[in-house]
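# Descriptive structure summary
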Amino acid sequence: MRMGKYLKLISFILVALPLWLPGNALAAKIKVAGIYTQPIQQKWDATLHKALLSLSEKGEVEYVFSEKVSNTDYIRVLREYAEAGVALIVGEAFGISRDVRKVADDYPEVAFLMGDSFGPHGTNMSVFDNYIHEPCYLMGMIAGTMTKSNKIGMVGGYPIGEVNRLFHAFMAGAKSVNPDVQFKVSFIGSWYDPPKAKEFAYAQVESGVDVLYAERAGVVDAAREKGIVAFGNVNDMNKEENGSDVVVASALWHMESAIGHAVERVKAGTFKAEDYREWTMMAKGGASLSPYYEFEDKLPAEIKAKIVETAEAINAGSFTVEIIDEEPKSTF
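What counts and how
Numbers given to residues run from 1 along each chain, matching the order in which its sequence is written. A pLDDT threshold of at least 70 governs which residues receive local features in this predicted model, and a stricter bar of 80 or more applies before side-chain atom pairs are shown or counted, although totals over entire chains, interfaces and linings include all residues. Side-chain metrics rest on all non-hydrogen atoms present in the structure, leaving aside hydrogens and water. Numbering of helices and strands runs from the N terminus, with a helix taken as a DSSP run of H or I at least four residues long and a strand as a DSSP run of E at least two residues long. A helix's residues, less one, multiplied by 1.5 Å, set its expected span. Residue exposure (1.4 Å probe, protein chains only): buried if accessible area is under 20% of the type maximum, exposed if over 50%, otherwise partly exposed. Throughout this description, a polar contact denotes any pair of N or O atoms lying within 3.5 Å of each other; where both atoms belong to protein, one of them has to be capable of donating a hydrogen while the other can accept it, and for residues adjacent in sequence the pair is counted only when both atoms sit in side chains. To obtain an axis, a line is fitted to C-alpha atoms, over the contacting stretch when the element is a helix, and the angle between two such axes runs from 0 to 180 degrees between their N-to-C directions. An angle below 35 degrees is read as roughly parallel, one above 145 as roughly antiparallel, one from 65 to 115 as roughly perpendicular, and any other as oblique. In this scheme the crossing of two helices becomes right-handed for a clockwise turn of the near helix relative to the far one and left-handed for an anticlockwise turn of less than a right angle. In this description, contact between two residues means that some pair of their heavy atoms is separated by no more than 4.5 Å. Each residue is assigned to one class: nonpolar for Ala, Val, Leu, Ile, Met, Phe, Trp, Tyr, Cys and Pro, charged for Asp, Glu, Lys and Arg, and polar for all the others, Gly among them. We call two strands paired when DSSP finds no fewer than two bridges between them.

## Comments concerning helix 2 (residues 43-57)
Across its 15 residues, helix 2 extends 20 Å between first and last C-alpha, which sits within 8% of the 21 Å expected from 1.5 Å per residue. Buried within helix 2 we find K43, W44, D45, T47, L48, H49, A51, L52 and L55. You can read the cap of helix 2 off the contacts: a side-chain oxygen lies 3.0 Å from the backbone nitrogen of W44, and it is on Q42. Where helix 2 terminates, the next one or two residues include G59, which has phi positive at roughly 80 degrees.

Okay, structure coming up:
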């Protein structure tokens, strides 16, 4: 009889244990969908895809995705995933914010985490953007010490907030160590056109720049051919875009923390409309400066120490890199 009572007690504990654990720690993995307007090889979408793959490999989520979805087809795909019982959808609302918000309203039981220039919406649509301006400031500090002509070139996709703020931060970092530095700013009008980016970079080198900020793919190739250095953006361009001996450092964007936070909230039943800006910044692991690789021993100890000091101040909240979303202009 006593053994039977023990067995009943153990059975009760096993059944009730998930309810006792904080945040329902044993919650089953949820189904998450990623919807991307570009191929997943394109580095912005690749950052989201990489983060979701990591969660999938850890058994946290069941991950499905669609890539190369045009804006004209995006809402249909968004609704299809919502209808299919997906718990969380990660994607982009740039240019179609109003329509995406309507879908979020129609499916209040689904959590939406969308790249968007506007704020969160309703009860279930959170937004994010790539706020990697802090490591961009650090890169600018290095660039300002490396230029001999005092002319730095910057080649970007479009003059929109998420690009503009990176350029402004890079310029501010360079100015902080070299007040005489000037900038040539160009936008290619595309998110992925390496030959065009390379062409614009060539023109900048012809104008006298001896350091390039490669916001877009193709710029690193131009730097290599012209025998100058470059700085990378979003992904590690030294390792991932043939940047060995050319790319001094890259401002890296990480979405593991942000998406992990959203998944935890969905599992706990506490997901709400929030701005995930802080989750894409340095203090929460959303951004970082890459290693210096081949340039580790070529950079002066003074600037490396200054970078460490500034990064620590940023993470501690004692130094703030200003966010400026207005279009930057060339200064020469």
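Back to the text.
## Points about the packing of helix 2 against helix 10 (residues 256-268)
When two helices pack together, their arrangement is captured by the angle between the axes and the distance separating the axes. The geometry of helix 2 relative to helix 10 is characterised by a closest axis approach of 9 Å and an angle of 50 degrees between their N-to-C directions. Between helix 2 and helix 10, the interaxial angle falls into the category oblique. The chirality of how helix 2 crosses helix 10 is right-handed. On helix 10, the residues that touch L48, K50, A51, L52 and L55 of helix 2 are E256, I259, G260 and V263. Here the contact of helix 2 with helix 10 is built from residues that sort into 6 nonpolar, 1 polar and 2 charged.

## Describing the sheet that holds strand 9 (residues 229-234)
To summarise the sheet geometry, strands pair through backbone hydrogen bonds and adopt either a parallel or an antiparallel arrangement. Pairing in this open sheet of 6 strands is mixed, and the strands run 7-6-8-9-10-11 from one edge to the other. Edge strands, defined here as strands with exactly one partner in the open sheet, are strand 7 (182-187) and strand 11 (287-289). Adjacent strand axes in the sheet meet at a mean angle of 15 degrees when their direction is disregarded. The pairing of strand 8 (residues 211-214) with strand 9 spans 3 bridges and is parallel. Considered in strand 9, the bridge of Y213 is made with F231.

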